[in-house]
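# Structure at a glance
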Amino acid sequence: MPFGRLDDMTCPAPSVAERAPLLQAVAQAVADMLAGKPCAPDDGLAKSLSDALLAESPDASDAAAARVAALRAALAMELQDALAAEHSTAHLLRSNGRTSASSPVRAEIRGTAGRAVTAPLFAVGRAAECEVQVVGDASVLPVQFIALPLPGGIVVADLWSHGGTTATSDGVPVLPSSGHERFCAMVVPRCGRTEFRIGARSAVAFGPSMKKLEQAARKEAKMKAIEDMAKAAAARIAAAETPRLLAKRQSSVQTSTSIGSARSGVHSASSRSRSPAIRQVEAA
């Protein structure tokens, strides 16, 4: 069933129900790639999804915004269902107690000020219809990739760029779970910072800003320095106290020996010297 971008002036955009077969096919393809299953991506599927995502601008009207939100939510639901059905990806939907699927994702373009994206699924690309729009770089595709925030990570699917999207999380490259010359899917962490290189000269990042990460690193280094100083001070005190404690213990032993010797001498000199010495024990 073909799904293409329609001209709003000639025909209304298809409903979510009419696009259900497309959304289900895309969701299954992404789930198969993440599960490492062999798949034969269809370029027509990618084009149909791009057309659907760009069919309307949420800024056109309240009704258009509602339809755009409904389409993203429906695709998110289909993806969640497909991922839940795969043993190797079902864990992505389980809550870890720290994040949830509804937690916003901070998106940043070329190191500029970021913003929180609260949509259940969002598109990143050059087109104005994308929730995260990358302007000023014609090499970025109208839709570069889609992102699905989940408790166990963010699912990223690039169905259009022929491998033109690469990612690093906290400086470590993120390898796609499965790739094709046209399709690529990966899971990036919810915590930390993940940077995507897209197009010829653009970057999109999910997560805290570099400034915030640097501040956190400085705070952590300061706390570690304080902890190290405390340990060093404790070690110095212990080193200084050890000789005194040893001398005190030795003196106590010598005193106990002297008292014992004195008692023995007194007993030997007494009239009961032939009897065993009895130590008097006071009642408690």
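In case you missed it, the structure is sitting above this.
The text that follows walks through the structure, step by step, so that each part is easy to find. All residue numbers refer to position in the chain's written sequence, counted from 1. In keeping with the predicted nature of the model, local features appear solely for residues at pLDDT of at least 70, side-chain atom pairs appear and are counted solely at 80 or more, and the whole-chain, interface and lining totals rest on all residues. The side-chain numbers reported here are obtained from all heavy atoms of the structure, hydrogens and water having been left aside.

In contact at an axis separation of 10 Å, helix α1 (residues 20-34) and helix α2 (residues 43-53) are set at 120° when each is read in the N-to-C sense. One element, α1, and the other, α2, form an angle in the oblique class. Handedness of the α1/α2 crossing: left-handed. Across the interface between the two elements, L22, A25, V26 and A29 of α1 pack against L45, S48, L49 and A52 of α2. Note on residue classes: Ala, Val, Leu, Ile, Met, Phe, Trp, Tyr, Cys and Pro are nonpolar, Asp, Glu, Lys and Arg are charged, and everything else, Gly too, is polar. Class assignment for the residues of the contact of α1 with α2 results in seven nonpolar, one polar and no charged. Here an angle of 0 to 180 degrees is reported between the N-to-C directions of two axes, which are lines fitted to C-alpha atoms, with helices fitted over the stretch in contact. Under the scheme used here, helices are H or I runs from DSSP no shorter than 4 residues and strands are E runs no shorter than 2 residues, and both carry numbers assigned from the N terminus. The labels follow the angle: roughly parallel below 35 degrees, roughly antiparallel above 145, roughly perpendicular from 65 to 115, and oblique for the rest. In this scheme, a crossing is called left-handed if the near helix is turned counterclockwise away from the far one by less than a right angle; it is called right-handed if the turn is clockwise. Residues are treated as being in contact if the distance between any of their heavy atoms lies within 4.5 Å.

A word on the nonpolar core. Ranked by internal contacts, the top residues of the largest apolar core, which has 37 residues, are V30 and L159. Of all the elements in the fold, those that place two or more residues in this core are α1, α2, α3 (62-84), β5 (145-150) and β6 (153-158). Top element by residues in this core is α1. It accounts for nine residues. Contacts of V30, omitting those with residues within four sequence positions, involve L79, V155, A157 and A185. Put simply, buried Ala, Val, Leu, Ile, Met, Phe, Trp, Tyr and Cys residues joined by side-chain atoms within 4.5 Å make one nonpolar core. Working definition: with a 1.4 Å probe on protein chains only, accessible area under 20% of the residue-type maximum means buried, over 50% means exposed, and in between means partly exposed. Counting 22 residues, the second largest nonpolar core, distinct from the first, contains V140, V188, F196 and I198.

The next subject is unusual backbone geometry. Positive phi is not limited to glycine here, since R110 has a value of about 50°. Structurally, the position occupied by R110 is in the loop between β1 (105-109) and β2 (115-117). In this model, D170 sits at a positive phi of 55°, which is unusual for a non-glycine residue. On the secondary structure map, D170 appears in the loop between β7 (166-169) and β8 (172-174). Judged by its relative accessible area of 53%, D170 falls in the exposed class.

Salt-bridge detection follows one rule: a side-chain nitrogen of Lys or Arg within 4 Å of a carboxyl oxygen of Asp or Glu. This model, assessed by the stated rule, comprises nine salt bridges. In this structure, D137 engages R201 in a salt bridge whose closest nitrogen and oxygen atoms are separated by 3.7 Å. Remark: R201 occurs in the loop between β11 (194-198) and β12 (202-206) and D137 occurs in the loop between β4 (132-133) and β5; sequence separation between them is 64 residues. Residue R201 is classed as exposed on the basis of its relative accessible area of 53%. The shortest N-O distance in the salt bridge between K231 and E227 comes to 3.5 Å. With K231 and E227 both in helix α4 (residues 210-269) and four residues apart, this pair spans about one turn of that helix.

It is worth spelling out the environment of R197 at this point. Along the polypeptide, R197 turns up in strand β11. In the structure, R197 is positioned 31 residues away from T166 in sequence and 5.4 Å away in space, judged by C-alpha atoms. Every residue in contact with R197, bar those within four places of it in the chain, is listed here: G164, T165, T166, S202 and A203.

Take the packing of α1 against α3 next. Look at α1 against α3: their axes get within 8 Å of each other, and the N-to-C directions meet at 40°. Taken as axis vectors, α1 and α3 run oblique relative to one another. Between α1 and α3 lies a crossing whose hand is right-handed. Taking contact as the criterion, the partners of L23, Q24, V26, A27, Q28, V30, A31 and L34 in α1 are, on α3, L71, A74, L75, E78, L79, A82 and L83.

All right, on to the pairing of strand β3 (residues 122-125) then. Of the two faces of β3, the one lined by F122 and V124 and the one lined by A123 and G125 are each fully buried. One ladder, built from three bridges, connects β3 with β5; its direction is antiparallel. Pairing of V124 across the sheet is with F145, part of β5. Where β3 meets β4, two bridges bridge the pair, whose relative direction is parallel. Counterpart to V124 in the pairing with β4 is V132. Whether two strands pair comes down to DSSP finding at least two bridges between them.

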